[in-house]
Structure formats: C-alpha cells, structure tokens
Amino acid sequence: MAAVFTAGVGAGAINSVVGSGTLITFPVLLATGLPPVTATVSNALGLIPGSVSGAIGYRRELRGQRRRVLKLSAGALLGGLTGATLLLALPARAFETVVPVLVGLALVLVAFQPRLGGLVRRRRERTGVPAHRDGGPLLFGGLTLASVYGGYFAAAQGIIYLSLMGMLLDDSLQRLNAVKNVLSAVVNSVAALFFLFVADFDWTAVVLIAVGSGLGGYGGAKVGRRFSPSVLRILVVTVGTVALVQLLLR
C-alpha cells in the first residue's frame, strides 16, 4: 500500500510537468500481483485526481485558451473512448510495437521544437497562409489519434501531446503544458468511466493512487510552472528517454 501510494504521488507530479507517470504506477501495480488489464484500468481511474489537480495548478497558463481547450478536448474525448474500447477488444501486445516508435518520434520533435517551429513560421510567412490559433485540422487529428493511445495505455501520452502542439502552435511551452494537463484529464476520465461499466478494478489501488496523484499533481504544477522553456524541454526529453528505454525493455 505504501509503494502504490508513493508511486501515485510521483506519477501525479511527473504527469503535471511532463507526462509518463503511468510508467511509475503501472509496474508497481503489476508487482503487487494485479493482472495487466486490471492494473491498467485501476491506474486510469486513480490518475484522474492527479490530472485535474495538475490542470488547476496551471490555471494561470490556461487563461485565454478556452476555445482551443474546448476544441481539442472534443478530440481527446473521442480518442480516449476509442482507446479504452480497444484495450478490451485487442490482444494485450497490439500496441507494443508502435508505442516506442511514437514516443521516440515525439522526443525528437520536442528536442528540436524551437528550430522546427521557426521553420513552420517562416514557411507560413512565405506562402501567406495564416496560422490557425487552435492548430487547425492537422493538430486536431493528431491529438485525437494520440488520445486513442492514451485511452489504451497512456504511457508518455503527455510527451506526444507536447510535441504535436509545439510543432503546430505558436505559443509558450508552459501554456502548451497547461493544455496538455487538461487533455490528459479528459482522456483519463472518459476511459475510466467506460471501464467502470465493463472492467474489474482493484479499489484499494484506485484510492491509493487517487490520493497520491492528487497531491503530486498539484505540487508538481507549482514547481513545474517555474521552469524556463529550456529547462522544461530538457526535463521532457530526459523523462521521455527513460520512458522509451523502459518500453523497449518490457
């Protein structure tokens, strides 16, 4: 119980700043003897308070993004529900091949985001095509697909969100991180509500992770929002690289 609670605190903090908190809680739940699907659905429900508290901690960065958040949340809801359905319908190893590729690509995009973003802006200036304030259809589609993965497993989901938004939105990394927290909360919530009706939970694990992630998410947001863009980018790449290695070794 102590290990699960501590993992919940760590996952909540990491999710609010970077993402990939599932890679802390999921192995701990498996180590307690839970089956993989039970661990996945219990983890999804338990991490909801962490996602919500992380979003609250970044509420200042969310100002002025109401339209963007609402539009992208619609895609996150659809994708999360689809991913949750696939978790129960597909074989357990269905996503294992593609997940490391997605995470690796996302890390490259985050690492080179300033340069790639500059290239995109210069291309818009040459062609005279105005920038979409909400990223346009390309971002909506990309985040919806990322949310399918998030509803299925969610490891490094936040890093994929940040990479896509960093490429297609001309905004600060901290403000994009705030949006990421909201989208993660939407995906976790819709997936967990779906699982309530069709899957078995370990309620002790759910409560422990929920309390821990709620505390960790708010605390992580308080610390993370003080980081400079460079420090935050380095942290994202570092945590993402650890996540990628863990995924490859599983």
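Residues numbered from 1 in each chain as written. Predicted model: local features only at pLDDT ≥ 70, side-chain atom pairs only at ≥ 80, totals over all residues. Heavy atoms only, no water.

So, the overall build of the protein
Of regular secondary structure, the protein possesses 13 helices and 0 strands. The helix and strand sequence of the protein, counted from the amino end, reads α-α-α-α-α-α-α-α-α-α-α-α-α. Buried residues in the protein amount to 53% of all 250 residues. A separation threshold of at least 6 residues defines the contact pool for the protein, and within that pool the share at least 24 residues apart is 83%. Carbon and sulfur atoms make up 69% of the accessible area of the protein, which amounts to about 11,400 Å² in all. (Helix = DSSP H or I, 4+ residues; strand = E, 2+ residues; numbered from the N terminus. Buried < 20%, exposed > 50% of the residue type's maximum accessible area, 1.4 Å probe, protein only. Contact = heavy atoms within 4.5 Å. Areas by Shrake-Rupley, 256 points an atom, 1.4 Å probe, with all protein chains shown as cover.)

Details of the environment of Val148
Tracing the backbone through its elements, the reader meets Val148 in helix H9 (residues 136-152). Considering only alpha carbons, one finds Val148 and Thr82, 66 residues apart in sequence, at a separation of 5.7 Å.

Considerations on the pattern of salt bridges
Using the criterion set out here, one finds 2 salt bridges in the structure. Close ionic contact of Asp171 with Arg68 constitutes a salt bridge, the shortest N to O distance being 3.0 Å. Here Asp171 is found in the loop between helix H10 (157-168) and helix H11 (173-198), whereas its partner Arg68 is found in helix H6 (residues 66-89), with 103 residues between them in sequence. Among the ionic pairs, Asp171 bridges to Arg175, the shortest N-O distance being 2.9 Å. Several salt bridges share partner residues, and in doing so they unite Arg68, Asp171 and Arg175 into one network. (Salt bridge = Lys/Arg side-chain N within 4 Å of Asp/Glu carboxyl O.)

Brief notes about the packing of helix H4 (residues 48-57) against helix H12 (residues 203-224)
Helix-helix packing is described using two parameters, namely the angle between the two axes and the distance between the axes. Interhelical geometry of H4 versus H12 gives an angle of 20 degrees and a closest axis separation of 7 Å. By the criterion of interaxial angle, the relationship of H4 to H12 is roughly parallel. Seen along the crossing, H4 lies across H12 with a hand that is right-handed. Taking contact as the criterion, the partners of Pro49, Gly50, Ser53, Gly54, Ile56 and Gly57 in H4 are, on H12, Ala210, Ser213, Gly214, Gly217, Tyr218 and Ala221. When its residues are assigned to classes, the contact of H4 with H12 shows 5 nonpolar, 7 polar and no charged. (Axes fitted to C-alpha atoms, helices over the stretch in contact; angles between N-to-C directions. Parallel < 35°, antiparallel > 145°, perpendicular 65-115°, else oblique. Left-handed = near helix turned anticlockwise from the far one by under 90°. Nonpolar A, V, L, I, M, F, W, Y, C, P; charged D, E, K, R; others polar.)

What about a positive patch on the surface?
Taken together, the side chains of Arg59, Arg60, Arg63, Lys222 and Arg226 define a basic patch exposed on the protein surface. Mapped onto the fold, Arg63 is located in the loop between helix H5 (59-62) and H6. Classification of Arg63 by relative accessible area gives exposed; the value is 60%. (Patch = residues over 30% accessible without salt bridge, like charges linked within 9 Å, V, L, I, M, F, W, Y side chains within 5 Å. Lys, Arg positive; Asp, Glu negative; His and termini not counted. Charge placed at Lys NZ, Arg CZ, Asp CG, Glu CD.)

Examining the side chain of Ser53
Residue placement: Ser53 occurs in helix H4. A distance of 3.0 Å separates the side chain of Ser53 from the backbone oxygen of Gly214, its partner in a polar contact. Setting aside anything within four residues of it in sequence, one finds Ser53 in contact with Ser213, Gly214, Gly217 and Tyr218. (Polar contact = N/O pair within 3.5 Å; in protein donor to acceptor, adjacent residues only side chain to side chain.)

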